[in-house]
Amino acid sequence: MSDLLQTALVSGLLGSSSVRIAALVGTAVALVSGVVGVHTVMRGQSFVGHSLSDIGATGGSGALFIGVNPLWGFLAMGAVAGGVLELMGLRRPRGRDVATGIVLGAELGLAALFLYWDASFRSTTGASISILFGSIFVINPAIVPVVIGFCAAAMATLLLLQRTLLLCSVSTDIASARGVPVRLVGVAHLMVMVLAVSLSALTIGAILSTALLIGPAAAALRVTRRPGLALIIAAGIGVAATWAGIALAYESYYWPPAGHGWPVSFFIVTLIFLFYLGADALSVLRGRRKARVRAPSLAAAERV
Amino acid sequence: MFDSFMINTWLAATIVAATAGVVGFFAVLRGSAFAAHAVPQGAFAGAAGAALLGINPILGLGVFSLAGALGIGWLGRRARTDVATALGLVVMLGLGALFLSWSVEYAPEIFSLLFGEVLGVSSDEVLPIAGLGAVSLAAIVVLYRPLMLSSVVGEVGEARGVGRRRMEMCFLAVVALTTSMTVPVVGAFLMFSLMIAPAAAARCYTSRPGVAIGLSAGIAVVTIWVSIAASYESGWPVGFFVGALGAVSYAGGRGYAAWRRARRPAPAAA
């Protein structure tokens, strides 16, 4: 039996080295994104999280133009944009929306310029498509240790700051009353988010980066109100969707209509969305049951 | 620069910029910048799908932007608006990735859908653009009072029978309409820059809504004119100039507001 499993796995799905790398990097990125995502959703910074992936792509295309590894372009541009956003007033909910919009607009303009230069001097028009849609199956093996290392660092920062971050995410007022340096914690969260989003945008594409950051966290927060549990559920949903997506994409080589596989981004995004819809339905059902239990007791109270 | 083949470009760009400036004012006022980004970028999947089926891309854009806008509104019933927008966006982009993998479209054509191809507008494209622009502006005029009420003081609007959810749906539908007109010409990213930066800058100069709408449309039109001229001269993409000028005009607006505050330290209202 174990022999059979062995042959099936080694010769099939996990036999391919690109699938193994995809599973490894995908897991690391999904874990970090899920955990950062819970804080991002609680702080109402989804737009910032999404913008950072597009902004990272600008840095990636710039790095491609000057000929360095895109990883550094993603990280550098993300950090710069994060700093600018913080200075422009990311903390106030009213200013956040416009500030993010202006920075994103300017960065997309820069992306157009870099991609134009890339296309006219190096004839790599496909760069914009591969950066936006990315493919988890074509990760350069050389950057895998670096990516895993950054993911571990981000995870360690998150675990260290866990309680402080949660307090600030839930209520800035209580946090500052208790002497927490709220602005500093906000910057720390922003930088960890830059790290997570840049790494996932680089390895699996800008689309998946937003999906992994927001989707699992939003689903987890529909199911539970306990933040610690939400972190675990979000990371679990992210990893499960990534693995199932990779397996489905591998399977889809035999599916119509094309002779090549369906994109893995499509599967992972769809699975995450289904998880969210499921969590939403579950929370509605639970709310109804609770209302039904409460209703008779209310009626009883009125009678007395 | 003013040759006959450029006339269509100037016309289309002016219509697009004026509409984006007006619709963008409400996007900034309502704090819907994310939706203004998500609807055009997601609708791009519709163009990819239309290319796959061999039908007119404007139809695909229209269907997808409207479906996306209504989907975001539907998801937003129970979730926070920004989360709903992010989820709607990634689902549309996921579909876009699927359509792209099925089609045999060349990369430069997709690049132009994202970043625009404003220097290549043909004369039979100008009429639909003008029509859709007129419809978008008419929708804003019809919705003007309830939309303004609901955007500025939502609670008062609810009390007077202007549902917030209904207004959000209406506004997203207008954004979708504007999107399907502009994306083939200026691209999804440029559309977003034209909607947010001029409106945000205009709000720094005046707090009177009517003046701000006019100013926003004016800044947007000047931005696109200067950008086209600069792009024509340098050969660099229009999107770069629009993005840069947008940031500059917003920085100018913030500077003006700060200068006015410094000159009058204690305004009468405070």
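Since this is a predicted model, take the numbers as computed values, not measurements. (Residues numbered from 1 in each chain as written. Chains lettered and ligands numbered in written order. Predicted model: local features only at pLDDT ≥ 70, side-chain atom pairs only at ≥ 80, totals over all residues.)

A. Representation of the overall build of chain B in the model. When helices and strands are counted, chain B shows 11 helices and 0 strands. Ordered by position in the sequence, the α and β elements of chain B form the string α-α-α-α-α-α-α-α-α-α-α. Residue burial in chain B is summarised as follows: out of 270 residues, 55% are buried. At a minimum sequence separation of 6, the contacts of chain B that also span at least 24 residues come to 76%. (Helix = DSSP H or I, 4+ residues; strand = E, 2+ residues; numbered from the N terminus. Buried ≥ 20, exposed ≤ 12 C-beta atoms within 10 Å, placed from the backbone. Contact = placed C-beta atoms within 7 Å.)

B. Local environment of the overall build of chain A. When helices and strands are tallied, chain A shows 12 helices and 0 strands. Its helices and strands in sequence order give chain A the pattern α-α-α-α-α-α-α-α-α-α-α-α, from N to C terminus. Taking all 304 residues of chain A together, the buried fraction comes to 50%. Here the contacts in chain A between residues at least 6 apart in sequence split such that 73% fall between residues at least 24 apart.

C. Representation of the interface of chain B and chain A in the model. Taken together, the contact pairs 44 residues of chain B with 41 residues of chain A. At the level of elements, helix 2 (33-53), helix 4 (81-102), helix 5 (107-115), helix 9 (188-205) and helix 11 (238-263) of chain B are the ones that each hand at least two residues to the side of chain B that touches chain A. Residue classes in the side of chain B that touches chain A are distributed as 33 nonpolar, 8 polar and 3 charged. (Nonpolar A, V, L, I, M, F, W, Y, C, P; charged D, E, K, R; others polar.)

D. Broad picture of the environment of Gly24(B). All names here are of chain B. Of note, Gly-24 is situated in helix 1 (residues 4-30). What makes Gly-24 buried here is the crowd of 33 C-beta atoms within 10 Å. Other than its neighbours up to four places away in sequence, Gly-24 contacts Ala-36, Leu-194, Met-195, Ile-196, Pro-198, Ala-199 and Ser-216.

E. Local environment of the confidence of the model for chain B. All names here are of chain B. The predicted model of chain B averages 82 in pLDDT, with 90% of residues at 70 or higher. Ranking the elements of chain B by mean pLDDT puts helix 5 last, at 63, and helix 10 (residues 209-234) first, at 89. Complex prediction metrics read pTM 0.83 and ipTM 0.81. (pLDDT = per-residue confidence, 0-100.)

F. Representation of the packing of helix 8 (residues 164-186) of chain B against helix 9 of chain B within the structure. Residue and element names in this part refer to chain B. Between helix 8 and helix 9, the shortest axis-to-axis distance is 7 Å and the interhelical angle comes to 120°. In this structure, helix 8 meets helix 9 at a crossing whose hand is right-handed. From helix 8, Thr-179, Thr-182, Val-183 and Val-186 reach across to helix 9, where they touch Ala-188, Leu-190, Met-191 and Leu-194. When the residues that make up the contact of helix 8 with helix 9 are grouped by side-chain class, the tally is 6 nonpolar, 2 polar and no charged. (Axes fitted to C-alpha atoms, helices over the stretch in contact; angles between N-to-C directions. Left-handed = near helix turned anticlockwise from the far one by under 90°.)

G. View of the nonpolar core. Ranked by size, the top nonpolar core spans 186 residues in total, and within it Leu87(B), Val175(B) and Ile196(B) carry the most contacts. Beyond its immediate chain neighbours, meaning those up to four positions away, Ile196(B) contacts Val98(A), Gly101(A), Ile102(A), Gly105(A), Gly24(B), Ala27(B), Val28(B), Ala33(B) and Ala36(B). (Core = buried A, V, L, I, M, F, W, Y, C linked by C-beta atoms within 7 Å.)

H. Fine view of helix 3 (residues 57-75) of chain B. All names here are of chain B. With 19 residues, helix 3 extends 26 Å from end C-alpha to end C-alpha; this agrees with the ideal 27 Å at 1.5 Å per step. All of the buried residues in helix 3 are Gly-60, Leu-61, Gly-62, Phe-64, Ser-65, Leu-66, Gly-68, Ala-69, Gly-71, Ile-72, Gly-73 and Leu-75. Lining the buried residues of helix 3 we find helix 2, helix 4 and helix 8. (Expected span 1.5 Å × (residues − 1).)

I. Region of interest: the packing of helix 2 of chain B against helix 3 of chain B. Residue and element names in this part refer to chain B. Axis separation between helix 2 and helix 3 bottoms out at 7 Å; the angle between their running directions is 140°. As the angle between them shows, helix 2 and helix 3 are arranged oblique. Regarding helix 2 and helix 3, the two cross each other, and that crossing is right-handed. In this structure, helix 2 uses Ala-35, Ala-38, Val-39, Gly-42, Ala-43, Ala-45, Gly-46, Ala-47, Gly-49, Ala-50 and Ala-51 to contact helix 3, whose residues at the interface are Pro-57, Leu-59, Gly-60, Leu-61, Val-63, Phe-64, Ser-65, Gly-68, Ala-69 and Ile-72. Of the residues assigned to the contact of helix 2 with helix 3, the class counts are 15 nonpolar, 6 polar and no charged. (Parallel < 35°, antiparallel > 145°, perpendicular 65-115°, else oblique.)

J. Structural context of the environment of Leu52(B). Residues and elements named next belong to chain B. Relative to the elements of secondary structure, Leu-52 occurs in helix 2. With 51 residues separating them in the primary sequence, Leu-52 and Ser-103 have C-alpha atoms 5.4 Å apart. Sequence-distant contacts of Leu-52, that is, excluding residues within four places in its chain, are made with Phe-99, Trp-102 and Ser-103.

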